[in-house]
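Overview (structure and organization)
Spelled out from the first residue to the last, the chains are:
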Amino acid sequence: MRIHLLLADSAQADPTGKVHALGIGWTVTSTPTPPAALIAMIWVEWHEANQKFNLTGSLVDGDGKEIDVDGPDGFGPVRFEGVIEAGRPPGLPPGTDQMMPLVVNLGPGLKLTPGYRYEWRVKIDTMPNPTIGVAGFLIRPNS
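Heads up: these notes are all about the structure in this document. (Residues numbered from 1 in each chain as written. Predicted model: local features only at pLDDT ≥ 70, side-chain atom pairs only at ≥ 80, totals over all residues. Heavy atoms only, no water.)

Some thoughts on the layout of surface pockets
The volume enclosed by the largest pocket comes to roughly 480 Å³. Broken down by secondary-structure element, the contributors of at least two residues to the lining of the largest pocket are strand S7 (68–71), strand S8 (74–77), strand S9 (79–84) and strand S10 (98–106). Counting residues per element, the lining of the largest pocket draws most heavily on S8, which supplies four residues. Residues belonging to the lining of the largest pocket are distributed by class as follows: 17 nonpolar, seven polar and three charged. (1 Å grid on protein atoms, 1.4 Å probe; cavity = no way out; pocket = protein on both sides within 12 Å on 5 of 7 lines; lining within 4 Å. Points joined across faces, edges and corners; volume = space filled by probe spheres on them. Helix = DSSP H or I, 4+ residues; strand = E, 2+ residues; numbered from the N terminus. Nonpolar A, V, L, I, M, F, W, Y, C, P; charged D, E, K, R; others polar.)

Quick notes on the environment of Pro32
Following the sequence through the fold, Pro32 ends up in the loop between strand S4 (28–29) and strand S5 (36–44). In this structure Pro32 comes out as partly exposed when scored by relative accessible area, which is 47%. (Buried < 20%, exposed > 50% of the residue type's maximum accessible area, 1.4 Å probe, protein only.)

Focus on the pattern of salt bridges
Inspection of the entire model under this criterion finds five salt bridges. A salt bridge links Arg121 to Glu119, with the nearest nitrogen and oxygen atoms 2.9 Å apart. Given a relative accessible area of 17%, Glu119 falls into the buried group. One salt bridge connects Lys123 with Asp125, and the closest N-O pair in it is separated by 3.7 Å. Assessed through its relative accessible area of 34%, Lys123 is described here as partly exposed. In this structure Asp125 comes out as partly exposed when scored by relative accessible area, which is 32%. Overlapping salt bridges, with partners in common, bring together Glu66, Arg79 and Glu81 in one network. (Salt bridge = Lys/Arg side-chain N within 4 Å of Asp/Glu carboxyl O.)

This is the structure we're talking about:
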């Protein structure tokens, strides 16, 4: 399994597996953060299809530590988690990898430190080693 992460202004995945996105590929933003989307393109190998995998995503600082921010539920980490599973589409030849998109829409208003670098990290619990994707960005120094 492989994972590639991209940041966009907005995005959505459709039922056919396509991702529709606006303002894709940015690496610099302001604070408080505007609405955004985290796009995960997950490449699933043939032998990994029809299996469930735990997925977690978190916002970390430049040292790789989860950050705590003020949010609607109080002060805490910015994270999400879930379970993913890619089936084998009918007619797919044995040994064929497939791409499974995942889009996480992020609301506005995270108050991050100007001039600092942050990363979204998404981890999928594959064995024997987890699969990890990273999308880094910088908060404009003068925001």
